[in-house]
Amino acid sequence: MDNAFTALVLEQRADTVSAAFQNLQREALPEADVLVRVAYSSLNYKDGLAITGRNKVVRRYPMVPGIDFAGTVEQSQSSSYQPGDRVLLTGWGVGERHWGGHAQFARVESAWLVPVPASLSLEEAMGIGTAGFTAMLCLMALEAHGLAPGEREVIVTGAAGGVGSLAVALLAQRGYQVVAETGRTDAHEYLRGLGAHKLLDRAALAEPGGPLGTARWAGAVDTVGGAMLAGVLRTLAYGGSVAACGNAGGMDVHTTILPFILRAANLLGIDSLPVPLEQRRQAWDRLARDVPRDALKRIVRVAPLRDLPALAEEIVGGRIRGRVVIDVNA
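Residues numbered from 1 in each chain as written. Predicted model: local features only at pLDDT ≥ 70, side-chain atom pairs only at ≥ 80, totals over all residues. Heavy atoms only, no water.

Asks: Hey, could you run me through the overall build of the protein chain in this one?
Replies: The helix and strand tally for the protein chain stands at 10 helices and 15 strands. Its C-alpha atoms give the protein chain a radius of gyration of 20 Å, near enough to 20 Å, the size a compact globule of 330 residues would have. Its C-alpha atoms give the protein chain principal-axis dimensions of roughly 65 × 45 × 35 Å. Residues classed as buried in the protein chain amount to 55% of the 330 residues present. (Helix = DSSP H or I, 4+ residues; strand = E, 2+ residues; numbered from the N terminus. Rg over C-alpha atoms; globule rule 2.2 N^0.38 Å. Buried < 20%, exposed > 50% of the residue type's maximum accessible area, 1.4 Å probe, protein only.)

Encoded structure:
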């Protein structure tokens, strides 16, 4: 049996990170109880940072990046999975501390895996991927804090990105009035096609303002952070919540206590990495049911493994719209 496979491998020398495709043997994979034949991975902003060597995303080298993947079980030492089972993985430090999905094989812990819902293909599972999983966690958190479709609007920041695109589609599917914030005028038609009923230019929220602005949003999914998150907090309606899941716009948030004590605002932090298995299954069951397939087709494009280095530069530079699924065998 041929044990060779192709992987994108990151190595660090001094302060320089290099990315190169290598032919490896399965014995090179880290120890864990399930071997997965990867069909698809995806490109996320964190993957772009890892591949380009920006920020300290990767904790040890050499590293195979790719924070998510979908495929079939090749070998299993776990009673939870058998060869041939379709599985997916998001989070758990894969692609950061443990070799990830930008390879034709991955060996991971069974506790990190989730069965792929029967109604999803492996390609669709990665079209949703970490971005869709994060968007669904945001929606679940907002609904747990009282959000329901009504007269007031829900805003999604960074709406043309992966998380933002899927958040727009999911919210619209659930009957919310979605306002999509973007700094990209070329994405307006795309966002309307996902269900956004209004568009908002980035400057309207990111510009400095007073401690409180006009109360507008029943809720928000913020994928940007920084000044954008501060702007959303200033303009939340009474009792509104914002689910914050990104920091591409900066890690510092300059705000005041007033949205919290005068408008009962809720700031909900979303971390998609160490989510318990039962919550993961619930989220993926909802994703399989609620993600509109026509919207998913608009959001996703498929690229071969060899294009990853160039695509990593594009996503870090803010030039990727929606989701890029990586066919690791093309």
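Asks: Looking at this structure, I do not really get the nonpolar core. What am I missing?
Replies: Membership of the largest hydrophobic core comes to 56 residues, with the highest contact counts inside it found for Val156, Val168, Leu171, Leu191 and Trp284. For this core, the elements supplying multiple residues, two or more each, are strand E3 (34-43), helix H2 (122-144), strand E8 (153-156), helix H3 (162-173), strand E9 (178-182), helix H4 (188-194), helix H8 (277-290) and helix H9 (293-299). The greatest single-element share of this core, amounting to 14 residues, is contributed by H2. Contacts of valine 168, omitting those with residues within four sequence positions, involve Val156, Ala159, Val178, Ala180, Leu191, Leu194, Gly195 and Ala196. Within the second largest apolar cluster, 44 residues are counted, among which are Leu29, Val57, Trp99 and Ala106. (Core = buried A, V, L, I, M, F, W, Y, C linked by side-chain atoms within 4.5 Å. Contact = heavy atoms within 4.5 Å.)

Asks: Teacher, can you tell me more about the packing of H2 against H3 here?
Replies: Axis angle and axis distance: for two packed helices, these are the angle between their axes and the distance between the axes, and together they describe the pair. In contact at an axis separation of 8 Å, H2 and H3 are set at 55° when each is read in the N-to-C sense. The orientation of H2 with respect to H3, classified from their angle, is oblique. In the packing of H2 onto H3, the handedness of the crossing is right-handed. Contact residues: Gly127, Ile128, Ala131, Gly132, Thr134, Ala135, Met136 and Leu139 in H2; Gly162, Val163, Leu166, Ala167, Leu170 and Leu171 in H3. Here the contact of H2 with H3 is built from residues that sort into 10 nonpolar, four polar and no charged. (Axes fitted to C-alpha atoms, helices over the stretch in contact; angles between N-to-C directions. Parallel < 35°, antiparallel > 145°, perpendicular 65-115°, else oblique. Left-handed = near helix turned anticlockwise from the far one by under 90°. Nonpolar A, V, L, I, M, F, W, Y, C, P; charged D, E, K, R; others polar.)

Asks: How do you make sense of the packing of helix H1 (residues 45-52) against helix H10 (residues 308-316) when you look at a structure like this?
Replies: Between H1 and H10, the shortest axis-to-axis distance is 8 Å and the interhelical angle comes to 115°. Where H1 crosses over H10, the handedness of that crossing is left-handed. Facing Tyr45, Gly48, Leu49, Ile51 and Thr52 of H1, the residues of H10 in contact are Leu308, Pro309, Ala312, Glu313, Ile315 and Val316.

Asks: I tried to follow a nonpolar patch on the surface on my own but got confused; where do I start?
Replies: Together, Ile257, Ile261 and Leu262 give the surface a local cluster of nonpolar side chains, amounting to about 310 Å² of exposed area. Within the secondary structure, isoleucine 257 is located in the loop between strand E12 (236-244) and helix H7 (258-262). (Patch = residues over 30% accessible without salt bridge, like charges linked within 9 Å, V, L, I, M, F, W, Y side chains within 5 Å. Areas by Shrake-Rupley, 256 points an atom, 1.4 Å probe, with all protein chains shown as cover. Salt bridge = Lys/Arg side-chain N within 4 Å of Asp/Glu carboxyl O.)

Asks: Help me understand the packing of aromatic side chains, please; the structure alone is not making it clear to me.
Replies: All told, the structure shown has two aromatic pairs when counted by the stated rule. Here the aromatic rings of phenylalanine 5 and phenylalanine 105 are separated by 5.9 Å at their centres, their planes lie at 70°, and the arrangement is edge-to-face. Of this pair, phenylalanine 5 sits in strand E1 (residues 4-13) while phenylalanine 105 is found in strand E6 (residues 105-108), placing the two residues 100 residues apart along the sequence. Each member of the pair phenylalanine 5 and phenylalanine 105 is classed as buried. The interplanar angle of 10° and the centroid separation of 6.3 Å between the aromatic rings of phenylalanine 133 and tryptophan 284 together place this pair among those described as stacked. With phenylalanine 133 in helix H2 and tryptophan 284 in helix H8, this residue pair connects regions lying 151 residues apart in the sequence. Grouping residues by exposure puts phenylalanine 133 and tryptophan 284 together as buried. Sitting over the face of the ring of phenylalanine 105, arginine 26 holds its NZ or CZ atom 4.3 Å from the ring centroid. The cationic tip of arginine 321 hangs over the ring face of tyrosine 190; the distance from NZ or CZ to the ring centre is 4.2 Å. (Phe/Tyr/Trp six-rings, centres within 6.5 Å; stacked < 30°, edge-to-face > 60°. Lys NZ or Arg CZ within 6 Å of the ring centre and 35° of its normal.)

Asks: Even after reading the chapter, I still don't get the sheet that holds strand E10 (residues 198-201), so can you show me in this structure?
Replies: Paired through their backbone hydrogen bonds, the strands of a sheet run either parallel or antiparallel. Spatially, six strands are ordered E10-E9-E8-E11-E12-E13 in an open sheet, and the strand pairing comes out parallel. Two strands lie at the open edges of the sheet, namely E10 and strand E13 (266-269), each paired on one side alone. Each adjacent strand pair in this sheet contributes to an overall mean axis angle of 20°, direction not counted. Relative to E10, E9 runs parallel, the two being bridged by four bridges. Bridging from a neighbouring strand, threonine 182 pairs with aspartate 201 of E10. Against the sheet, H3 touches E8, E9 and strand E11 (217-222), its axis set at about 160° to E8. (Pairing = 2+ DSSP bridges.)

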